[in-house]
Protein chains: 2
Amino acid sequence: MRKKNMALLLEYDGSRYDGWQRQGNTDNTIEGKLEKILERLTGACQQVHGSGRTDAGVHAAGQVANVCLDTDMSEGELRDYLNRYLPEDIKVLQVREVPERFHSRLWAKEKTYTYYIDMDEKSSVFARKYTYAVGKGLDVGAMEQAVGYLVGTHDFAGFCSNKKKKKSTVRTIKDIRFQVSKNCLSVSVTGDGFLYNMVRILVGTLIEIGLGKRTPDSVKEVLDCRDRQAAGFMAPARGLFLVSVVYETEIFPVEVEETVR
Amino acid sequence: MRKKNMALLLEYDGSRYDGWQRQGNTDNTIEGKLEKILERLTGACQQVHGSGRTDAGVHAAGQVANVCLDTDMSEGELRDYLNRYLPEDIKVLQVREVPERFHSRLWAKEKTYTYYIDMDEKSSVFARKYTYAVGKGLDVGAMEQAVGYLVGTHDFAGFCSNKKKKKSTVRTIKDIRFQVSKNCLSVSVTGDGFLYNMVRILVGTLIEIGLGKRTPDSVKEVLDCRDRQAAGFMAPARGLFLVSVVYETEIFPVEVEETVR
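Scoring rules and cut-offs
- Residues numbered from 1 in each chain as written.
- Chains lettered and ligands numbered in written order.
- Predicted model: local features only at pLDDT ≥ 70, side-chain atom pairs only at ≥ 80, totals over all residues.
- Heavy atoms only, no water.
- Helix = DSSP H or I, 4+ residues; strand = E, 2+ residues; numbered from the N terminus.
- Rg over C-alpha atoms; globule rule 2.2 N^0.38 Å.
- Buried < 20%, exposed > 50% of the residue type's maximum accessible area, 1.4 Å probe, protein only.
- Contact = heavy atoms within 4.5 Å.
- Least-squares fit on C-alpha atoms with pLDDT ≥ 70 in both.
- Arc of directions from axis to C-beta.
- Polar contact = N/O pair within 3.5 Å; in protein donor to acceptor, adjacent residues only side chain to side chain.
- Patch = residues over 30% accessible without salt bridge, like charges linked within 9 Å, V, L, I, M, F, W, Y side chains within 5 Å.
- Areas by Shrake-Rupley, 256 points an atom, 1.4 Å probe, with all protein chains shown as cover.
- Salt bridge = Lys/Arg side-chain N within 4 Å of Asp/Glu carboxyl O.
- Lys, Arg positive; Asp, Glu negative; His and termini not counted.
- Charge placed at Lys NZ, Arg CZ, Asp CG, Glu CD.
- Axes fitted to C-alpha atoms, helices over the stretch in contact; angles between N-to-C directions.
- Left-handed = near helix turned anticlockwise from the far one by under 90°.
- Nonpolar A, V, L, I, M, F, W, Y, C, P; charged D, E, K, R; others polar.
- pLDDT = per-residue confidence, 0-100.

## Focus: the overall build of chain A
When you go through chain A residue by residue, the secondary structure sums to five helices and ten strands. Whereas a compact globule of 261 residues would reach a radius of gyration of roughly 18 Å, chain A reaches 19 Å, a difference of no more than 12%. Along the three orthogonal principal directions, the C-alpha set of chain A runs to about 60 × 45 × 35 Å. Burial statistics for chain A: of 261 residues in total, 52% are counted as buried. Partitioning the intrachain contacts of chain A with sequence separation of at least 6 by distance along the chain shows that 71% fall at a separation of at least 24.

## Quick word on unusual backbone geometry
Residue A:Lys182 is not a glycine yet carries a positive backbone phi of 55 degrees. Considering the arrangement of structural elements, one finds A:Lys182 in the loop between β8 (170–181) and β9 (184–191).

## Let's talk about the relation of the copies chain A and chain B
Each copy superposes on the other: chain A lies on chain B with an RMSD of 0.0 Å after a rotation of 180 degrees and an axial shift of 0.0 Å. Those values place the two copies in the arrangement expected of a two-fold rotation axis. When the interface residues of chain A are mapped onto chain B, 97% of them again fall at the interface, so both copies present the same face.

## A closer look at helix α3 (residues 140–150) of chain B
Residues and elements named next belong to chain B. Among all positions of α3, only Val140, Ala142, Met143, Ala146, Val147 and Leu150 are buried. Along the long axis of α3, the arc covered by the buried residues comes to 165 degrees, so they all point the same way. Those residues of α3 that are exposed and aimed more than 90 degrees away from the buried face are Gln145 and Gly148. Buried residues along α3 sit against β7 (152–155), β8 (170–181), β9 (184–191), α4 (198–210) and α5 (218–225). The N-capping residue of α3, defined by a side-chain oxygen 3.2 Å from the backbone nitrogen of Gly141, is Asp139. Just past α3, the residue Gly152 takes up positive phi, approximately 120 degrees.

## Quick look at a positive patch on the surface
Taken together, the side chains of A:Lys129, A:Arg238, B:Lys129 and B:Arg238 present a region of like positive charge at the surface. In this structure, B:Lys129 sits in the loop between β5 (110–118) and β6 (132–133).

## Thoughts on the packing of helix α1 (residues 30–42) of chain B against helix α2 (residues 75–85) of chain B
All names here are of chain B. Interhelical geometry of α1 versus α2 gives an angle of 115 degrees and a closest axis separation of 10 Å. Here α1 runs over α2; the crossing is right-handed. In contact with Leu34, Ile37, Leu38, Arg40 and Leu41 of α1, α2 contributes Leu78, Tyr81, Leu82 and Tyr85. Residues belonging to the contact of α1 with α2 are distributed by class as follows: eight nonpolar, no polar and one charged.

## Concerning the pattern of salt bridges
Within this structure, the stated rule accounts for 34 salt bridges over all chains. In this structure, B:Lys91 engages A:Asp120 in a salt bridge whose closest nitrogen and oxygen atoms are separated by 2.7 Å. Linking B:Lys91 in strand β4 (residues 90–98) with A:Asp120 in the loop between β5 (110–118) and β6 (132–133), this pair reaches from one chain into another. We note a salt bridge from B:Arg16 to B:Asp89, for which the minimum N-O separation is 2.5 Å.

## A closer look at the environment of B:Met234
Residue and element names in this part refer to chain B. Structurally, Met234 can be placed in the loop between α5 and β10 (240–246). In this structure, the C-alpha to C-alpha distance between Met234 and Met198, residues 36 residues apart in sequence, is 8.7 Å. The contact partners of Met234, leaving out residues within four places of it in the chain, are Ser161, Asn197, Arg200, Ile201 and Arg228.

## Things to note about the interface of chain A and chain B
Size of an interface: often given as the accessible area lost when the parts come together. Taken together, the contacts link 38 residues of chain A with 38 residues of chain B. Seen at the junction of chain A and chain B, the total is six salt bridges. Between B:Glu88 and A:Arg128 there is a salt bridge, with the nearest N and O atoms lying 3.1 Å from each other. Between the two partners, chain A and chain B, sit 16 residue pairs in polar contact (both at pLDDT 80 or more).

## With respect to the confidence of the model for chain A
Residue and element names in this part refer to chain A. On average, residues of chain A score 93 in pLDDT, and 97% of them are at 70 or above. Across residues 257–261 the pLDDT falls below 50, and counting only partners more than four positions away or on other chains, this stretch makes 14 contacts in the model. Here the predicted complex scores 0.88 on pTM and 0.85 on ipTM.

## A look at the environment of A:Met119
Residue and element names in this part refer to chain A. Looking at the element boundaries, Met119 is found in the loop between β5 and β6. Judged by its relative accessible area of 1%, Met119 falls in the buried class. Each C-alpha atom of the pair Met119 and Asp18 lies 27 Å from the other, and the pair is 101 residues apart in sequence.

Right, dumping it as structure tokens:
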């Protein structure tokens, strides 16, 4: 047996979890579920590092984590072992052995979150757990105007729930894209990192712009005054997905469709 | 007020229902939910006619039903009223007033069901309630060979759960299509009508062919001997969707994306 640093590509339905991070008062977290299984496997406490802490109720289609294990298992064996014991709403998509120093959070260059908004009066029955039902049409053009102020390197303190701001609240948003399909609007935000609740507050503010409750240039004022009160509401967790995490070198190759013989 | 024959285009997540049809021992049916709301609206018992009876646990993306009502409500008002009182897993997509003699089942020319199969070892966490997890790769080529025997007008008695076969068991399958996306295989069956459990037994038999448990030409024997025992297993309800019902003239126009201002 030798120490292996294993990177995990994960998807999970966050609906019934208290978020990613293991906490004192609950072990109902994604991290907690993974660590418990790895502890049983290795007989020792394991620290799983996630690329970021998704909030309670937030989903992931491409979360990345890593863990250092003394194990003889291959990448595929570890994936299958974890999937066998994980509940049906958490799935390991891929496992790859990575350099010893790799850390899923510290090495992350870029992350993309996508937020799904249902604009119909009643939500689609199949997507209802994964969308926020705003219940009316949004002015996507106005929302797009606000993007001009948000993209770039700014102090996003006004778009953060955390009141203690000792650490830097400067982040770079590389891109914000909108996509409309039938009555569903998705907002994808790509950046080098995000503050606590930042994506949900950004999306909530954009929704208020789309509803005509505030102007597109009001986001500039939020950036300038750095005051959370000046920003919009925090969009509910259910519509948010961590879609992808990008590193200097690609860790997970695009899977070949190998299951069809 | 005047009598209006209203056609409803519906989607529902069948997971927690005892199927479409109202039954003596349960009112936990889609039909039952609709009739209860319409009874409250009109003060009289209402008979909702569905295009077909989906089984317990089967979903619909395009079920069609009709009901004759004494009402002043417009099409849009009736849709909104029903959606307000229906649970979140049943949704009225559109309402159209149709000719007095229109009957959603008797006038149906063609129906399409789609069955979703997840071939990965562990199901996708987001689609898991709407797919059957076969857990391994299927030989889609072999499944496609069987299609040649099934498409056309045949006696499908061997693909029917109902033991009393007084009525004709001859049906016409117009098309069977396969689509592979990542590890998900969908099977779409279009026909002029289907016997009790017919699509699920057809799909179960195709899955056994895809697993190599039976040969593609074995379906010819099932058609010839008319014996349910000769066919494959009945695929679980959770993977099945009633996708569309086609009539001589189109009832529901394709919706214009009007919610984006």
